[in-house]
Amino acid sequence: MNLDITLCNSFCSLDEQTLLNFPPFYTEQINLNILHSQLESWHRIIASNATLIASKFLHITDTQCMDAPFTNVAINRNINRYFLVLIIEYLIEQKLALWLEPLSDLTMKNIFMTLVKDTNAMSTLYIKHMEFRDNLRTMDKNTEKLKDSNYYQIEQLKLTRNNYFKCQIKDTRAALYPIPIDKLCEELKEFAKLLCLYDNVETVYNLFYSPLGHKYKFHRLPDEHITYLVSILVHNKWATIILPPSVKNNIEYNQNIKNLGIRFI
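These figures come from a predicted structure and were not determined experimentally. (Residues numbered from 1 in each chain as written. Predicted model: local features only at pLDDT ≥ 70, side-chain atom pairs only at ≥ 80, totals over all residues. Heavy atoms only, no water.)

K.L.:
Run through the packing of helix 5 (residues 81–93) against helix 9 (residues 152–166), naming residues and quoting values.
P.N.:
Where helix 5 meets helix 9, the closest approach of the two axes is 9 Å, and the angle between their N-to-C directions is 125°. Classed by the angle they form, the pair helix 5 and helix 9 counts as oblique. Every pair of crossing elements has a handedness; the one defined by helix 5 and helix 9 is right-handed. Along its contact with helix 5, which presents R81, Y82, F83, V85, L86, E89, Y90 and E93, the element helix 9 presents Q153, L157, K158, T160, R161, N162, Y164 and F165. (Axes fitted to C-alpha atoms, helices over the stretch in contact; angles between N-to-C directions. Helix = DSSP H or I, 4+ residues; strand = E, 2+ residues; numbered from the N terminus. Parallel < 35°, antiparallel > 145°, perpendicular 65-115°, else oblique. Left-handed = near helix turned anticlockwise from the far one by under 90°. Contact = heavy atoms within 4.5 Å.)

K.L.:
A description of helix 5 should follow, citing residues and the corresponding values.
P.N.:
Across its 13 residues, helix 5 extends 18 Å between first and last C-alpha, which sits within 8% of the 18 Å expected from 1.5 Å per residue. Within helix 5, 11 of the 13 residues are buried, which leaves the element mostly enclosed by the surrounding structure. Within helix 5, burial applies to R81, F83, L84, V85, L86, I87, I88, E89, Y90, L91 and I92. Two or three places before Y82, at the start of helix 5, stands the capping residue N80, its side-chain oxygen 3.2 Å from that residue's backbone nitrogen. (Expected span 1.5 Å × (residues − 1). Buried < 20%, exposed > 50% of the residue type's maximum accessible area, 1.4 Å probe, protein only. Polar contact = N/O pair within 3.5 Å; in protein donor to acceptor, adjacent residues only side chain to side chain.)

K.L.:
Lay out the sheet that holds strand 7 (residues 239–242) in plain terms, naming residues and giving numbers.
P.N.:
As summarised here, the arrangement of the 3 strands in space is 6-8-7, forming an open sheet in which the pairing is antiparallel. Each edge of the sheet is formed by a strand with only one pairing partner; in this case those strands are strand 6 (202–203) and strand 7. Direction of pairing for strand 6 relative to strand 8 (residues 261–264): antiparallel, over a ladder of 2 bridges. Bridging from a neighbouring strand, E202 pairs with I262 of strand 8. The strands touched by helix 12 (residues 223–235) within the sheet are strand 7 and strand 8, with strand 7 carrying the most contacts at an inclination of about 115°. (Pairing = 2+ DSSP bridges.)

K.L.:
Quick rundown of the pairing of strand 5 (residues 172–176)? Include the residues and the values.
P.N.:
Of all 5 residues in strand 5, 5 are buried, a share of seventy percent or more. Every second residue of strand 5 is oriented toward a common face, with T172, A174 and L176 on one face and R173 and A175 on the other, all of them buried. Bridge analysis of strand 4 (residues 97–99) against strand 5 gives 3 bridges, and the strand direction is antiparallel. Along strand 5, the bridge assignment pairs W99 with A174.

K.L.:
Describe the packing of aromatic side chains, with residues and values.
P.N.:
Counted under the stated rule, the structure contains 8 aromatic pairs. Relative to Y26, the ring of F25 lies with its centre 6.2 Å away and its plane at 80°, an arrangement referred to as edge-to-face. Taken as a pair, F25 and Y26 share a single burial class, namely buried. For the pair Y26 and W42, a centre-to-centre distance of 5.9 Å together with 75° between the ring planes defines the contact as edge-to-face. Taken as a pair, Y26 in the loop between helix 2 (16–20) and helix 3 (32–48) and W42 in helix 3 lie far apart in primary sequence, 16 residues in all. Relative accessible area serves as the criterion here: at 0%, W42 is assigned to the buried category. Of the aromatic side chains, those joined through ring pairs into one cluster are Y82, W99, F132, Y164 and F165. Positioned above the aromatic ring of Y82 is the side chain of R161, whose terminal nitrogen or guanidinium carbon lies 3.7 Å from the ring centre. The cationic tip of K189 hangs over the ring face of W238; the distance from NZ or CZ to the ring centre is 4.5 Å. (Phe/Tyr/Trp six-rings, centres within 6.5 Å; stacked < 30°, edge-to-face > 60°. Lys NZ or Arg CZ within 6 Å of the ring centre and 35° of its normal.)

Below, the structure is given as structure tokens:
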């Protein structure tokens, strides 16, 4: 019991660098109170390094993650895939991450071919993500029985994680964002105002790669991250997608999200 209290206090009180050099931090703890503190600490560390982490997507194809800060060669510790999925699920709850699995199923070619008929189809990707998560959360009928638990959120996340692995997904791919996604979209709206994009059609490329730059370094985001953000903007009716003639006339060969036109509403 004393060890549990010590670990819990350690995860809550230690600074980032000390935590990353603390071996137990890389192992999923059994005690739910400790695990909650551990997830909170990982949330804190990822948030403080979010701009760097968000410059690429997490792609884990084997049993472990070798990307910083999830590994520490100096102390020979790293997070295994099982624990990492739980951390990602926790980050999704905080609106700091999205699963990229739906993007694998819904290829850019499919998205662009659909856009020819309906430009609102861009919202489909975000809808697919929400459906993917809803399926993970509803596959286990025992979830409802945990509502009276003091650690309902953690237990639910663990069940969701278990359902994720039941799907037998070989490649774990996730997008991490520097701030909650809804706030990031608000930032994009304000940035569009700064660029005088309202009521004007501009390319997605110019929005994310503006010479003016942005504090969250949108230009560093991988295409997958940008695709999701555009999908959310359309889904929330904050923007509409315009298919430029140069894209529409060469749809088979021009399927880059950056070439789409976007108009903020």
